Number of protein chains: 2
Amino acid sequence: MPEDSALLVAANVNVFYSTGRFFRGYVWIPRHGRPLYFVVKPQTFEPSPDVVCIRKPEQIPGEMDRLGVETPRLIGLEEDVLSYNDVSRLMKVFPQAEFFNSTPCLRAARMTKTAHELELMRYDGQRQVAVYSRIASLYRPGMTDIGLQIAIEGELRREGCLGFPRVAGNLMEINMGSVLAGDNADNPSPYEFAMGGAGADPSLPGGADGREIRPGESVMVDMNGSFNAYQTDMTRVWSLGGLPEIAYKAHDCSRSILRALEREALPGVEVCDLYFRAVRMAEEAGLKDFFMGHSQQSAFIGHGVGIELNEQPPVAPRCKVSLQQDMTLALEPKFVIPGVGAVGVENTYAVRGDGLECLTPFEEEIILFNQE
Amino acid sequence: MPEDSALLVAANVNVFYSTGRFFRGYVWIPRHGRPLYFVVKPQTFEPSPDVVCIRKPEQIPGEMDRLGVETPRLIGLEEDVLSYNDVSRLMKVFPQAEFFNSTPCLRAARMTKTAHELELMRYDGQRQVAVYSRIASLYRPGMTDIGLQIAIEGELRREGCLGFPRVAGNLMEINMGSVLAGDNADNPSPYEFAMGGAGADPSLPGGADGREIRPGESVMVDMNGSFNAYQTDMTRVWSLGGLPEIAYKAHDCSRSILRALEREALPGVEVCDLYFRAVRMAEEAGLKDFFMGHSQQSAFIGHGVGIELNEQPPVAPRCKVSLQQDMTLALEPKFVIPGVGAVGVENTYAVRGDGLECLTPFEEEIILFNQE
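None of the values given here were measured: they were computed from a predicted structure.

Draft legend 1. Representation of the overall build of chain A. Helices and strands together make up the secondary structure of chain A, namely eight helices and 18 strands. In terms of overall dimensions, chain A is globule-like: its C-alpha atoms have a radius of gyration of 23 Å, near the 21 Å expected for 372 residues. Based on the C-alpha atoms only, the size of chain A along its principal axes is roughly 70 × 40 × 35 Å. When each of the 372 residues of chain A is scored for burial, the buried share is 59%. Taking the intrachain contacts of chain A between residues at least 6 apart in sequence as the baseline, contacts between residues at least 24 apart amount to 67%. Just so you have it, chain A exposes about 14000 Å², and 50% of that area is on carbon and sulfur atoms. Across chain A, the mean location of the 35 positive side-chain charges is 4 Å away from that of the 50 negative side-chain charges.

Draft legend 2. Up close: the relation of the copies chain A and chain B. When chain A is fitted to chain B, the residual RMSD is 0.0 Å, and the transformation amounts to a turn of 180 degrees plus an axial shift of 0.0 Å. Within this description, the copies of the chain are treated as partners about a two-fold rotation axis. Residue by residue, 100% of the interface of chain A is reproduced at the interface of chain B, so both copies engage with the same surface.

Draft legend 3. Main features of the environment of Leu240(B). All names here are of chain B. Relative to the assigned elements, Leu240 resides in the loop between strand 10 (236–239) and helix 7 (245–264). Under the relative-accessibility criterion, Leu240 is labelled buried at 7%. It is 6.7 Å that separates the C-alpha atoms of Leu240 and Arg214, two residues lying 26 residues apart in sequence. Ignoring sequence-local partners within four residues, the contact set of Leu240 consists of Tyr139, Ile213, Arg214, Pro215, Gly216, Phe369 and Gln371.

Draft legend 4. Geometry of the interface of chain A and chain B. Residue-level contacts link 51 residues of chain A with 51 residues of chain B. Of the roughly 4500 Å² buried at the junction of chain A and chain B (both faces included), carbon and sulfur atoms supply 53%. Considering only the surface of chain A that becomes buried against chain B, Arg24(A), Tyr84(A) and Arg157(A) emerge as the three largest contributors, covering 15% of it. One can count six salt bridges joining chain A with chain B. Across the salt bridge formed by Glu153(A) and Arg157(B), the nearest N and O atoms sit 2.8 Å from each other. Mapped onto the side of chain A that touches chain B, the elements with two or more residues apiece are helix 1 (12–19), helix 3 (84–93) and helix 6 (145–158) of chain A. The element contributing the most residues to the side of chain A that touches chain B is helix 6 of chain A, with six residues. Looking at side-chain class alone, the side of chain A that touches chain B contains 22 nonpolar, 18 polar and eleven charged residues.

Draft legend 5. Structural view of helix 5 (residues 115–132) of chain A. Look at helix 5 of chain A: 25 Å from first C-alpha to last across 18 residues, which is about the 26 Å you get at 1.5 Å a residue. Within helix 5 of chain A the residues assigned to the buried category are Glu117(A), Leu118(A), Met121(A), Asp124(A), Gly125(A), Gln128(A), Val129(A), Ala130(A), Val131(A) and Tyr132(A).

Draft legend 6. Local environment of the sheet that holds strand 6 (residues 98–101) of chain A. All names here are of chain A. Taken in spatial order, the six strands of this open sheet run 4-3-2-1-5-6, and their pairing is mixed. Only two strands of the sheet have a single partner each, and these edge strands are strand 4 (51–53) and strand 6. Each strand axis lies, on average, 25 degrees off the axis of its neighbour in the sheet, ignoring direction. Where strand 5 (residues 74–77) and strand 6 come together, four bridges link them in parallel fashion. The partner of Gly76 across the bridge, within strand 6, is Phe100. Against the sheet, helix 3 contacts strand 1 (5–9), strand 2 (25–30), strand 5 and strand 6, and its axis sits at roughly 160 degrees relative to strand 5. Across the sheet, helix 4 (residues 103–111) lies against strand 1, strand 5 and strand 6, angled at about 80 degrees from strand 1, the strand it touches most.

Draft legend 7. Spatial organisation of the packing of aromatic side chains. Tallied over the entire structure, the rule returns 18 aromatic pairs over all chains. For the ring pair Phe291(A) and Phe335(A), a centre distance of 5.0 Å and an interplane angle of 50 degrees mean the geometry is tilted. With Phe291(A) in the loop between helix 8 (271–284) and strand 11 (302–304) and Phe335(A) in strand 14 (residues 334–337), this residue pair connects regions lying 44 residues apart in the sequence. Neither residue differs from the other here; Phe291(A) and Phe335(A) are each classed as buried. Aromatic pair Tyr139(B) and Phe369(B): ring centres 5.0 Å apart, planes at 25 degrees, arrangement stacked. With Tyr139(B) in the loop between helix 5 (115–132) and helix 6 (145–158) and Phe369(B) in the segment after strand 18 (367–368), this pair connects stretches of sequence that are 230 residues apart. The burial state of Tyr139(B) is the same as that of Phe369(B); both residues are buried. Three or more aromatic residues link up through ring pairs in this structure, and these residues are Phe16(A), Phe22(A), Tyr191(B) and Phe193(B).

Draft legend 8. Fine view of the sheet that holds strand 11 of chain A. Residue and element names in this part refer to chain A. The strand order 12-11-13-16-17 describes an open sheet built from five strands, whose pairing is antiparallel. The open sheet has two edge strands, strand 12 (311–315) and strand 17 (355–358), and neither has a second partner. Here the strands of the sheet are splayed against their neighbours by 30 degrees on average, with no regard to which way each runs. For strand 16 (residues 347–352) and strand 17, the ladder comprises four bridges, and the chain directions are antiparallel. For Val351, the partnering residue across the bridge sits in strand 17 and is Leu356.

Draft legend 9. Examining the pairing of strand 7 (residues 177–181) of chain B more closely. Residues and elements named next belong to chain B. With five of five residues buried, strand 7 lies mostly within the body of the structure. Residue alternation in strand 7 divides its side chains into two sets, Gly177, Val179 and Ala181 and Ser178 and Leu180, and both sets are buried. Where strand 7 and strand 8 (residues 218–225) come together, five bridges link them in antiparallel fashion. Bridged to Ala181 within strand 8 is Val219.

Draft legend 10. Quick peek at the environment of Gly196(A). Residue and element names in this part refer to chain A. Looking at the secondary structure, you find Gly196 in the loop between strand 7 (177–181) and strand 8 (218–225). With relative accessibility at 8%, the residue Gly196 sits in the buried group. It is 11 Å that separates the C-alpha atoms of Gly196 and Ala181, two residues lying 15 residues apart in sequence. In this structure Gly196 touches Leu180, Ala185, Asn187, Pro188, Ser189, Gly206 and Gly207, once residues within four positions along its chain are discounted.

Draft legend 11. Up close: the packing of helix 7 (residues 245–264) of chain A against helix 8 of chain A. All names here are of chain A. Contact pair helix 7 / helix 8: the axes reach a minimum separation of 10 Å and the direction vectors enclose 145 degrees. In terms of crossing hand, the pair formed by helix 7 and helix 8 is right-handed. Here Cys253, Ser256, Ile257, Ala260, Leu261, Arg263 and Glu264 of helix 7 lie close against helix 8, whose contacting residues are Leu274, Arg277, Ala278, Met281 and Ala282. Tallied by class, residues from the contact of helix 7 with helix 8 come to eight nonpolar, one polar and three charged.

Draft legend 12. Inspection of unusual backbone geometry at higher detail. Residues and elements named next belong to chain A. Here Gln312 and Pro313 are connected by a cis peptide whose omega angle stands at -5 degrees. By secondary structure assignment, the location of Pro313 is in strand 12. Residues other than glycine seldom take positive phi values, yet Met292 does so here, at roughly 55 degrees. Of the residues examined, Met292 reaches a relative accessible area of 1% and is grouped as buried.

Cut-offs and rules
- Residues numbered from 1 in each chain as written.
- Chains lettered and ligands numbered in written order.
- Predicted model: local features only at pLDDT ≥ 70, side-chain atom pairs only at ≥ 80, totals over all residues.
- Heavy atoms only, no water.
- Helix = DSSP H or I, 4+ residues; strand = E, 2+ residues; numbered from the N terminus.
- Rg over C-alpha atoms; globule rule 2.2 N^0.38 Å.
- Buried < 20%, exposed > 50% of the residue type's maximum accessible area, 1.4 Å probe, protein only.
- Contact = heavy atoms within 4.5 Å.
- Areas by Shrake-Rupley, 256 points an atom, 1.4 Å probe, with all protein chains shown as cover.
- Lys, Arg positive; Asp, Glu negative; His and termini not counted.
- Charge placed at Lys NZ, Arg CZ, Asp CG, Glu CD.
- Least-squares fit on C-alpha atoms with pLDDT ≥ 70 in both.
- Buried area = accessible area lost by both parts, 1.4 Å probe.
- Salt bridge = Lys/Arg side-chain N within 4 Å of Asp/Glu carboxyl O.
- Nonpolar A, V, L, I, M, F, W, Y, C, P; charged D, E, K, R; others polar.
- Expected span 1.5 Å × (residues − 1).
- Pairing = 2+ DSSP bridges.
- Axes fitted to C-alpha atoms, helices over the stretch in contact; angles between N-to-C directions.
- Phe/Tyr/Trp six-rings, centres within 6.5 Å; stacked < 30°, edge-to-face > 60°.
- Left-handed = near helix turned anticlockwise from the far one by under 90°.

Below, the structure is given as structure tokens:
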């Protein structure tokens, strides 16, 4: 952030990140000095000289004059997130200023977590693991993928999940997560999720499509772990009895990839190298055609995670970001085996000095559903 | 839409509205002639001369040249929805063109529904009513508001609800809906919902806050009705035994307002007149201080509803839109009574030539929870 500059923050996720709460309005974050809160509905605030009630952003410069706050030369606006008209309006509010896109620096700041944020994410992981440990016993004969998903949703919610996976961008729409049974995993997604699935309705393409869970097919569960402002992302696989050998081979390859990345993902390593390492291991196992999808393959194996499900950085071939201590990543090397379904493991990790700390520790074998 | 113009549509909701599916890419809708589909992930499409595979929007003009499609002088972009950078990038793609904001015309088009859309919304209403008819029996002694909400979510999902209430704008965040017990209804919302509620966590402020359901307090249920691309919006009130007299008085006033609006909301009537009529009736009943909230009052009594929960028009004092046949509206005249909670009824309606058709017909009394 340049010397003579300030950020004017308005997107929900960044308002929360910079203040610990959601409100309608703007956070003014100067390079030096104290932040100001311009609030449209101040009823949710305790009175404070830093909280200024406004009806519209055009009042901000006048209020800043009144408070003796100078307008800097450069103002950062969230140009990748706020609408064209919202940003254009804010630019007119400050006719003398120049502007820069604050989205990259806010996203970069959110990549690494404070001790408090990490504690919240560890809590998320513990709760998510507690729910996943009950999934085998949720199965009932004749159950569909949607039926299983609904049962998991209830368990998650009773465990304290807020039921709202906050995602970045307008290319991701999802309810509480994804359950993929059998070949539905090979239905391509129009969104940027690692896996696809036809979904229950064309209006929400992705995930479970209502098919019955059958022997010989895998059931991949990738459900929401948001028990506070943060979330963990976690995938495990279940089945009714045994699966074809290649499914176990691919699943073991996913686990081997995670073991390698857990050792090698040290501060300073470039994120793209994690991607290339995973691809190489899938190739060496002869599983390249099934890696990260089959009829449509995704070109990433993970992503940052935090307040939003899909934070920076993407673990993808062109991502030159260097890993930093306390960055959090969801790593999800997955395979889609035609006629069987999706296999593989996803964990959420924190980058530590000596490798990755797993925030979602839980058995990683393909788990058998209870059948009594 | 001017003669020499076209829309370039990219927002999910409008892509779905104009094509009946979601995909990553752009829909080109010329004033005359056939639309073109520029698709980033074409695997989800059947091959067709109108479907053009692109990697990035900069390829669109070249592909249009190849197809012999002329670029019009004026191009409409979704300036209220797409990000500043997305719109700026599209503007650079067509350096010779002028641009207009297509959001208002797309939102206006979506206000009135075709026969097919109305059928989908009637289906939503039937399913939502079926679930609401079971709510009284979901109550268990000692239940919290969140516990009741989770039970309703399960019923909704088993009835076919997709569990994803699509909302417009970035000032609304919600899970599957809102259950407000007792005084929690008076906790103000930072969002643009009619009612507030503290929510279960500061990161999702709104709705149930985990309090036990108690005698003498109302429980307002306003849960999601999206069983396809469309949705209905519906609120009813339950209680454990009787409530103070003023709660019934306010609840009856809400029903009287709906009865009046059902007769008077004819094609040609200005939407703001519905709002003023409702406010007048609340005032005449001596209930003005409790109308649409108490410690924070909302200045609207309803909204359009369809693919998004909060479509145009808002039923608000400054809305000069005239009602048209087959417009759909959720009307929700509600009251917050201190010490008791929220009361009132919300129905989703279609505007017909002779008044409103209720898409969510269900008993409107305050309903007693089953206690055995």
